[in-house]
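# Structure at a glance
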Amino acid sequence: MPSAVAPQRSILWFRKGLRLHDNPALLAAIQSATHLYPVFVLDPWFLKPERVGVNRLNFLLESLTDLRSSLQARGSNLLVLRGTPQDVLPRVWKDWNITRLCFEVDTEEYAKDRDSKITEAAKQAGIEVVTCVSHTLYDTKDVVAKNGGKPPLTYKGFEKAITSLGPPPAPVADPPANLPPIDASSKGTDSSETGVPSLTDLGYPDEASTDIKGGETEALARLAEQLSDKAWVAAFEKPKGDPTAFIKPATTVLSPHLKFGCLSPRLFYEALQRVYKEKKQHSKPPVSLLGQLLWREFYYVVAAHTPNYHRMEGNPICKQIPWDDNEDFFRAWEDSRTGYPWIDAIMAQLRRTGWMHHLARHCVACFLTRGDLYVSWERGRDTFDRLLIDGDPSLNSGNWMWLSASSFFYQYFRVYSPVTYGKKYDPEGKYVKHFLPILKDYPPKYIWEPWKAPLSVQEAAGCIIGKDYPAPIVDHAEASRRCIQRMKQAYDNQPHAAQPGTKEALKRSANDGANGALKAKKARRGN
DNA sequence: CAGTGGTTGCACAT
DNA sequence: ATGTGCAACCACTG
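Residues numbered from 1 in each chain as written. Chains lettered and ligands numbered in written order. Predicted model: local features only at pLDDT ≥ 70, side-chain atom pairs only at ≥ 80, totals over all residues. Heavy atoms only, no water.

## Regarding the pattern of salt bridges
If you walk through the whole model with that rule in mind, you get 26 salt bridges. The shortest N-O distance in the salt bridge between E108 and K16 comes to 2.8 Å. In this pair, E108 sits in the loop between β4 (100–104) and α5 (109–124) while K16 sits in the loop between β1 (8–14) and α2 (24–30), placing the two residues 92 residues apart along the sequence. K16 carries the same exposure label as E108, and that label is buried. Overlapping salt bridges, with partners in common, bring together E327, R331, E334, R379 and R386 in one network. (Salt bridge = Lys/Arg side-chain N within 4 Å of Asp/Glu carboxyl O. Helix = DSSP H or I, 4+ residues; strand = E, 2+ residues; numbered from the N terminus. Buried < 20%, exposed > 50% of the residue type's maximum accessible area, 1.4 Å probe, protein only.)

Here's what the structure looks like:
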């Protein structure tokens, strides 16, 4: 093992995992290292307005700034480089006489391809490559192996697999107070050339519209603050949260930090276990806070091991549904012009703050797809992927498949109401008025369905429906009824069921039989 | 093959 | 607050 003892010059390549705590790749990089080059590559593939909105980009830049300060405090630095990693990294590892490249495993589609190319090139150049799993609790491959070689498609199956794996690894030790230096003679490493750019440097507006702040320091403070209310942690049940709470959200809002790895999932896991140990009575997965972390893990496992996971076509776990290609409906949904204040306010919150409560996401996702507009989940997914600060492809596509009843969840007749769902949490309409100020003077009686207000009320509120704020683009009762019918048809027409005598067809008829028997039983009970 | 359960539906009953 | 009808899905189990 000569590499373990020979003096090393390491690149630590940050992508996600923008933290020093629980960073096994960092510990690997400093092993017998004389020099350490912490690098982040700003990839033009990612830096496009259609791919990342100003709020998430701002969060990333804040995270990089924080990481840079932390590294500087340890005698190191963060070298922020610009360009495609496949171009940039081979250039610098040559310039800097690098012997070892360390990074965190990233299971996402784009990352897998990028990393395999980089790994190949590094090996060709005689550079040792070390990768570590620390973005997820487990190595996703291990979960799949425990589930018989396939990713689990139910939470129960997932739970069984991780139970047999045992608890995830504990966080690794913090790095030492002094890190190996960057060789001052190395080309292009001067602090003036390697700083974190501003939003305007990258062609974005000069500031974000959100209050959500990025960075490991912020993440650890938020974790401590959220978990300090132990009674709240112990009682947490996701479906009981209030999606209209916006001054103090009903959840932890740690998701952006988990997305970028400012917070280690293993540290979060460990911190939760400490609270649960103290509070004997506490909620359990899947609804507890721990459950939320496990759902994240679930989607990472499925995403990493399902071909064409981010598309309907060619995706073996996704129902094939002939969605409407209705650009007007899609635009109205995206731009808060559906005429349903609940839907439009949620989308306004998304654009302004880059975050909404999970259940609010459900409502707009259901509305766009199987509930009302019958537009493809891939369209809505793209909008979320761009605008959410916590936009994380594995979770995002998975949740869109869930809500559109394309995978994981199939009770398509359970449709969220774009009127009553928000109203039951917020009868006064404070949420709507905050995010749709045009409606701020509507009386509570009409705030959730302003088109029902008499003209005199509309005039008094200074907002005429159909002129200042749209009338509903669909009648929900009618649209949802039709969507349910179309979903039934789409399910019946799944390509797998086409050939009689196939395994799938046999399974179908078995299910029909079960259904028939249930109907008969109901009929008997009725008589 | 029959039955059970599925993180989070709605409207209306009691 | 809990229960029901709605029209009836799927994955998984034994």
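Having seen the model, we can carry on.
## Comments concerning the protein's contact with DNA strand B
Near DNA strand B, the surroundings consist of 20 residues, among which P239, H362, V415, S417 and T420 are the closest. For DNA strand B, the backbone portion of the atoms within 4 Å of the protein, that is sugar and phosphate, comes to 43%. Here a base oxygen of DNA strand B and a backbone polar atom of P239 are 3.2 Å apart. Between DNA strand B and the protein, one listed contact pairs a base nitrogen with a side-chain N or O atom of R414 at 3.4 Å. (Near = heavy atom within 4 Å. Polar contact = N/O pair within 3.5 Å; in protein donor to acceptor, adjacent residues only side chain to side chain.)

## So, the environment of S63
In this structure, S63 sits in helix α3 (residues 54–72). Sequence-wise, S63 and P85 are 22 residues apart; in three dimensions their C-alpha atoms are separated by 19 Å. Among all residues touching S63, those that are not within four sequence positions of it are L18, G214, G215 and C262. A polar contact is formed between the side chain of S63 and the backbone oxygen of F59, at a distance of 2.8 Å. (Contact = heavy atoms within 4.5 Å.)

## Remarks on helix α12 (residues 289–304)
Taking 1.5 Å per residue, 16 residues should reach 22 Å; α12 reaches 23 Å between its end C-alpha atoms and fits that length. α12 sits mainly inside the fold: 16 of its 16 residues count as buried. (Expected span 1.5 Å × (residues − 1).)

## A closer look at the pairing of strand β5 (residues 128–132)
With five bridges connecting them, β4 and β5 associate as parallel partners. Counted as the bridge partner of F103 is T131 from β5. Between β4 and its parallel partner β5, the chain crosses via α5, and the hand of that crossover is right-handed. (Pairing = 2+ DSSP bridges. Right-handed = clockwise from strand over helix to strand, strands pointing away.)

## Structural notes on the side chain of T107
When you line up the elements, T107 lands in the loop between β4 and α5. Leaving out residues up to four positions away in the same chain, T107 has contacts with K112, T140, Y300 and A304.

## Remarks on empty space enclosed by the protein
Counted under the stated rule, the structure contains one cavity of 30 Å³ or more. The calculated volume of the largest cavity comes to roughly 70 Å³. Around the largest cavity sit 13 residues that line it, and F14, K16, G17, N23 and E104 are the ones nearest its centre. Residue assignment for the lining of the largest cavity shows that the elements contributing at least two residues are β1 and β4. Ranked by residues supplied to the lining of the largest cavity, first place goes to β1 with three residues. When grouped by side-chain class, the residues that make up the lining of the largest cavity number five nonpolar, three polar and five charged. (1 Å grid on protein atoms, 1.4 Å probe; cavity = no way out; pocket = protein on both sides within 12 Å on 5 of 7 lines; lining within 4 Å. Points joined across faces, edges and corners; volume = space filled by probe spheres on them. Nonpolar A, V, L, I, M, F, W, Y, C, P; charged D, E, K, R; others polar.)

## Focus: the sheet that holds strand β2 (residues 33–42)
Backbone-to-backbone hydrogen bonds pair the strands of a sheet. The strands run either parallel or antiparallel. Pairing is parallel across the open sheet formed by five strands, whose spatial order is β3-β2-β1-β4-β5. Looking at strand neighbours, the two that pair on one side only are β3 (79–82) and β5, the edges of this open sheet. On average, each strand axis in the sheet is tilted by 30 degrees relative to the strand beside it, whichever way the strands run. Packed on one face of the sheet, α3 meets β1 and β2 and runs near 165 degrees to β2. (Axes fitted to C-alpha atoms, helices over the stretch in contact; angles between N-to-C directions.)

Purely geometric stuff here, so don't read any function into it on its own.
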